[in-house]
Amino acid sequence: METLQSQFSPIKIYHDFKQITKAGLAISVVFSSIAGYLLGFDEEHPFSWITLLILIVGGYCMVGASNAYNQVIEKDLDVLMDRTKNRPVPAGRMTPNMALFIASLLTIIGIVLLYFINPKTAMFGAISIFLYTSVYTPLKTVTPLSVFVGAFPGAIPFMLGWVAATNQFGIEAGTLFLIQFFWQFPHFWAIGWFLFEDYEKAGFFMLPTGKKDTKTATQIILYTLWLILTSLIPYLGYTGKLQISLPAAILVFLAGIWMLIYAVKLYQTRTPKAARTLMLVSVSYLTLLQIIYIVDKFLR
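Residues numbered from 1 in each chain as written. Predicted model: local features only at pLDDT ≥ 70, side-chain atom pairs only at ≥ 80, totals over all residues. Heavy atoms only, no water.

With that settled, consider the packing of helix α12 (residues 246-269) against helix α13 (residues 272-299). Packing of α12 against α13 brings their axes to within 10 Å, and their N-to-C directions diverge by 175°. Here α13 runs roughly antiparallel to α12, going by the angle between their axes. Considered class by class, the residues forming the contact of α12 with α13 number 18 nonpolar, 5 polar and 2 charged. (Axes fitted to C-alpha atoms, helices over the stretch in contact; angles between N-to-C directions. Helix = DSSP H or I, 4+ residues; strand = E, 2+ residues; numbered from the N terminus. Parallel < 35°, antiparallel > 145°, perpendicular 65-115°, else oblique. Nonpolar A, V, L, I, M, F, W, Y, C, P; charged D, E, K, R; others polar.)

So, about unusual backbone geometry. Although it is not a glycine, Lys22 sits at a positive phi angle of roughly 50°. Among the structural elements, Lys22 can be located in the loop between α2 (10-20) and α3 (23-40). The class for Lys22 is buried, based on a relative accessible area of 18%. (Buried < 20%, exposed > 50% of the residue type's maximum accessible area, 1.4 Å probe, protein only.)

Right, let's talk about the nonpolar core for a bit. Formed by 87 residues in total, the largest nonpolar core has its most connected members in Leu39, Leu55 and Tyr293. By residue number, the principal contributor to this core is helix α9 (residues 171-194), which donates 13 residues. If sequence neighbours within four positions are ignored, Tyr293 has contacts with Leu39, Ile179, Ser231, Pro234, Leu242, Ile244 and Val252. Of all hydrophobic cores here, the second largest spans 6 residues; its members include Ala23, Ala26, Val29 and Val63. (Core = buried A, V, L, I, M, F, W, Y, C linked by side-chain atoms within 4.5 Å. Contact = heavy atoms within 4.5 Å.)

Moving on, we get to α9. For α9, with 24 residues, the first-to-last C-alpha span of 36 Å sits near the 34 Å given by 1.5 Å per residue. The axis of α9 is deflected most strongly, by about 25°, at Gln184, and proline Pro186 appears within four residues downstream. In terms of burial, α9 is largely enclosed, as 20 of its 24 residues are buried. (Expected span 1.5 Å × (residues − 1). Bend = angle between axes of the 7 residues up to and from the residue.)

Below, the structure written as structure tokens:
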């Protein structure tokens, strides 16, 4: 039998905190905000390490809060799925009340920190939490449209960095939002595909047709095409201060073709392995696109 000291060891608390906030996902989301910030600052809105640090910590708190709320709401469903049954709440290592307390505390800290940057940043952060927990999460067991709803809070981080840097929401921030919005669909449908059986145990509807079929695979290809086109808009010169050069546009296009190839492979094979590969490629694609945008800004 475990001693009380071992049950509440710092290492276990640390690991449970990582799980309740989904640290890996939270860090990747925060990276999008950092990318948006690096694209947004200029002579009119100078770079600030303090602002960036606040954005990182506040952003992690907001994402972590959303994930913690999600695990409280879905605690009875998480028990049913292999990928989630060992999370702190369903596994019994953390009470729902404790998880709710952590989520609430992270929400308060996150909103306050983002408010120190500017009110717009705090507002978009709060909207993200609300949509994720109060709209997207309940809809997952009701309709495949949950992915569409979830794409809105999921697309905010890239845009949030720009708003944090400039205190403005215009065509630039809207374009960053649109890029990550269209990215959500092939990414999460790929996840819904290779985890279909596990999601089915909990009654989650994650694929647009509810099945691993040709229509779903076709929609993944179509949204990947929309993603490629949207990511090239800054080259056309219609997106204000957010612009990319021809070399950057070519690299972004090639990265998009790389992702499209794996979307087509999923259409051809319709296997969980192909879907998992597409999911990994989509993560790499988004990171690569953001790096290309940033490097291009500093080289121009």
